[in-house]
Amino acid sequence: MRHVVIVGGGVIGLGIAWRSLTRGVRVTVVDPEPASKASRVAAGMLTPVTELGYGEDALLRLGIVSRDRFPSFVAELEEVSGVDTAFRRDGVLQVALDADDLAVLDELRRFQESLGLAAEALTGRECRRREPMLAPSARGGLFAPDDGSVDPRRLSAALLAAVDRLGGTLVRDRVAEILIDDRAAGVRLAGGDALAADQVVLAAGPWSHEIKGLPPDAVPPVRPVKGQVVRLRSPVPFLSRTVRGLVRGSSVYLVPRADGELVIGATQEEMGYDTTVTAGGLWELLRDARELVPGVTELAFEEVSAGLRPGSPDNAPVLGPSSVPGLLLATGHFRNGVLLTPVTADALAETIATGEPPEVIRPFSAGRFHD
């Protein structure tokens, strides 16, 4: 039986592990603290349309493919694991608070329409009709009916349970070195033990290119991008769906859960591997959230945390075979890690089983940085 070692136990690594196990592959996941980094901090928005940026057409298509796989992905996962992932697909409302912000949204709407995407333009009154807690100053917005959210903490728990129930092995240690003998042959752990493998998948987020044993060109430089997130709580859900706001050019999002949790994020800071929660970051999030939905200041404070997103040189994921035979890459997902979990898991599991990456991930190979 083919054996694969997956370096990294976030939603990406665990998703690949689960899908590989369903194909009859023997799987070992190595991570000292699985599901504790970006996967634990992330808000879990599934928003390829509202996250759309100019020049990101290929990433948009990948995101839509992955978003549309989420219903079947989580249905199967919840059945195997017995864990509710809090998946919801009730649309995302993007709101502008002044004329300049509204002009930005109008330009975005035209761009979306040029790509054939569903996005409904709304007046301020229509926005408030959908979300009564919005500020009276809301000038207008866009509604993306097919976007949604999932709880990454529940998703991680479900994936951990599924990997365990299907016979996967979880090693709570750090990978110090990738073992290479003409091809990737396994890993050496920080404790000194070696794990042999037929293939190795590198899914270690912003730490991916720092592991020893890799040739310089094997993994593109993946940098850490810090994001701070606030969690509040109310007795009943504060909003009925995810709301993204433009507040004088600054972006903020609020993701509600059915249990009354409200996740507010996220800052985007190039601060290396620093995960300090700062007063400034917390203030900016609460300031912009209050402008968008004034009643947010009445909610109970629950938690503030910071995580590191893995950003590649072009901010798109790095997926599939590397320059080292037997070494596969699944990193660089930046702000789309949760969204891209289904398509990454399926594509890497197929690559492990067949040796050929599916067409959907080929534009995101590491080779694009060497062309």
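It should be emphasised that the depicted structure is a prediction, and the values quoted were computed from it without experimental measurement.

Participant: What am I meant to see in the overall build of the chain here?
Facilitator: Each helix and strand in the chain was counted, giving eight helices and 19 strands. Here the C-alpha atoms of the chain give a radius of gyration of 21 Å, agreeing with the 21 Å that 2.2 N^0.38 yields for 371 residues. For the chain, the C-alpha atoms occupy an extent of roughly 65 × 40 × 40 Å along the three principal directions. Within the span of the chain, comprising 371 residues, buried residues form 56% of the whole. Within the chain, contacts between residues at least 6 apart in sequence are counted, and of these 73% link residues at least 24 apart. Just so you have it, the chain exposes about 14,900 Å², and 51% of that area is on carbon and sulfur atoms.

Participant: Sorry, what's going on with the environment of Leu282 here?
Facilitator: Mapped onto the fold, Leu282 is located in helix H7 (residues 279–292). Assessed through its relative accessible area of 24%, Leu282 is described here as partly exposed. For the pair formed by Leu282 and Ala204, sequence separation is 78 residues and the distance between their alpha carbons is 27 Å. Each residue touching Leu282, except ones within four places of it in the same chain, is listed here: Gln228, Val230 and Val304.

Participant: When you look at the packing of aromatic side chains in this model, what are you seeing that I'm missing?
Facilitator: Two measures describe an aromatic ring pair: the distance that separates the ring centres and the angle between the ring planes. Counted by the stated rule, this structure contains four aromatic pairs. Aromatic pair Trp18 and Phe73: ring centres 5.2 Å apart, planes at 75 degrees, arrangement edge-to-face. Taken as a pair, Trp18 in helix H1 (residues 11–21) and Phe73 in helix H3 (residues 57–81) lie far apart in primary sequence, 55 residues in all. Ring geometry for Phe70 and Phe87: centres 5.8 Å apart, planes at 10 degrees, overall stacked. Of this pair, Phe70 sits in helix H3 while Phe87 sits in the loop between H3 and strand S4 (92–96), placing them 17 residues apart in sequence. Ring-pair connections join several aromatic residues into one group, and the members of that group are Trp18, Phe70, Phe73 and Phe87. Above the plane of the ring of Phe143 lies Arg130, whose end atom (NZ or CZ) is 4.4 Å from the centre. Lying across the ring of Phe334, Arg223 places its NZ or CZ 5.7 Å from the centre.

Participant: Would you mind going over the layout of surface pockets with me for this structure?
Facilitator: Think of a ball as big as a water molecule: rolled over the atoms, this probe shows where empty space is left. Roughly 160 Å³ of volume is contained in the second largest pocket. Considering only residue class, the lining of the second largest pocket consists of three nonpolar, one polar and eight charged.

Participant: Can you walk me through the pattern of salt bridges in this structure?
Facilitator: Think of it this way: side chains of opposite charge can pair up when their charged atoms draw near. One pass over the full model with this rule turns up 29 salt bridges. A salt bridge links Arg223 to Glu270; the nearest nitrogen and oxygen atoms lie 3.1 Å apart. Of this pair, Arg223 sits in strand S13 (residues 223–233) while Glu270 is found in the loop between strand S16 (261–265) and H7, placing the two residues 47 residues apart along the sequence. Assessed through its relative accessible area of 27%, Arg223 is described here as partly exposed. Between Glu359 and Arg362 there is a salt bridge; the shortest N-O distance is 3.4 Å. With relative accessibility at 56%, the residue Glu359 sits in the exposed group. Of the residues examined, Arg362 reaches a relative accessible area of 41% and is grouped as partly exposed.

Participant: Which parts of the structure should I look at to understand empty space enclosed by the protein?
Facilitator: Evaluation of the coordinates by the stated rule reveals one cavity of 30 Å³ or more. By volume, the largest cavity amounts to about 80 Å³. Taken together, ten residues line the largest cavity, and the ones lying closest to its centre are Pro48, Glu51, Glu56, Leu59 and Asn336. Of the residues in the lining of the largest cavity, the class split is five nonpolar, two polar and three charged.

Participant: Whenever I open this one, the packing of H1 against helix H8 (residues 341–354) confuses me. Can you help?
Facilitator: What describes two packed helices is the angle between their axes and the distance between those same axes. Orientation of H1 relative to H8, taken along the N-to-C sense of each, is 50 degrees, at an axis distance of 8 Å. If you check the angle between H1 and H8, you find them oblique. Read as a crossing pair, H1 and H8 show a hand that is right-handed. Packed against H1, whose contacting residues are Val11, Ile12, Gly15, Ile16, Arg19 and Ser20, the element H8 presents Thr341, Thr344, Ala345, Asp346, Leu348, Ala349 and Ile352 at the interface. Among the residues forming the contact of H1 with H8, the class breakdown is seven nonpolar, four polar and two charged.

Participant: Before we go on, may I ask you to explain the packing of H1 against helix H6 (residues 152–165) in this structure?
Facilitator: Axis separation between H1 and H6 bottoms out at 9 Å; the angle between their running directions is 35 degrees. Of the two possible hands of crossing, H1 and H6 adopt the one that is left-handed. In this structure, H1 contributes Val11, Leu14, Gly15, Ala17, Trp18 and Leu21 to the contact, and H6 contributes Pro152, Leu155, Ser156, Leu159, Leu160, Ala162 and Val163. Each residue belonging to the contact of H1 with H6 can be placed in one class, and the counts come to eleven nonpolar, two polar and no charged.

Participant: Mind showing me how you'd approach the nonpolar core here?
Facilitator: Generally speaking, soluble globular proteins have nonpolar side chains that are buried together. Core analysis: the biggest nonpolar cluster contains 41 residues, and Ile6, Ile16, Val27, Leu77, Leu155, Val201 and Ala330 have the highest contact counts within it. For this core, the elements supplying multiple residues, two or more each, are strand S1 (3–7), H1, strand S2 (26–30), H3, H6, strand S19 (327–331) and H8. If we ignore the near neighbours within four places in the chain, the residues touching Leu155 are Val11, Phe73, Leu77, Thr85, Val150 and Val338. Membership of the second largest hydrophobic core comes to 24 residues, among which are Val95, Leu239, Leu254 and Leu285.

What counts, and at which threshold
Residues numbered from 1 in each chain as written. Predicted model: local features only at pLDDT ≥ 70, side-chain atom pairs only at ≥ 80, totals over all residues. Heavy atoms only, no water. Helix = DSSP H or I, 4+ residues; strand = E, 2+ residues; numbered from the N terminus. Rg over C-alpha atoms; globule rule 2.2 N^0.38 Å. Buried < 20%, exposed > 50% of the residue type's maximum accessible area, 1.4 Å probe, protein only. Contact = heavy atoms within 4.5 Å. Areas by Shrake-Rupley, 256 points an atom, 1.4 Å probe, with all protein chains shown as cover. Phe/Tyr/Trp six-rings, centres within 6.5 Å; stacked < 30°, edge-to-face > 60°. Lys NZ or Arg CZ within 6 Å of the ring centre and 35° of its normal. 1 Å grid on protein atoms, 1.4 Å probe; cavity = no way out; pocket = protein on both sides within 12 Å on 5 of 7 lines; lining within 4 Å. Points joined across faces, edges and corners; volume = space filled by probe spheres on them. Nonpolar A, V, L, I, M, F, W, Y, C, P; charged D, E, K, R; others polar. Salt bridge = Lys/Arg side-chain N within 4 Å of Asp/Glu carboxyl O. Axes fitted to C-alpha atoms, helices over the stretch in contact; angles between N-to-C directions. Parallel < 35°, antiparallel > 145°, perpendicular 65-115°, else oblique. Left-handed = near helix turned anticlockwise from the far one by under 90°. Core = buried A, V, L, I, M, F, W, Y, C linked by side-chain atoms within 4.5 Å.

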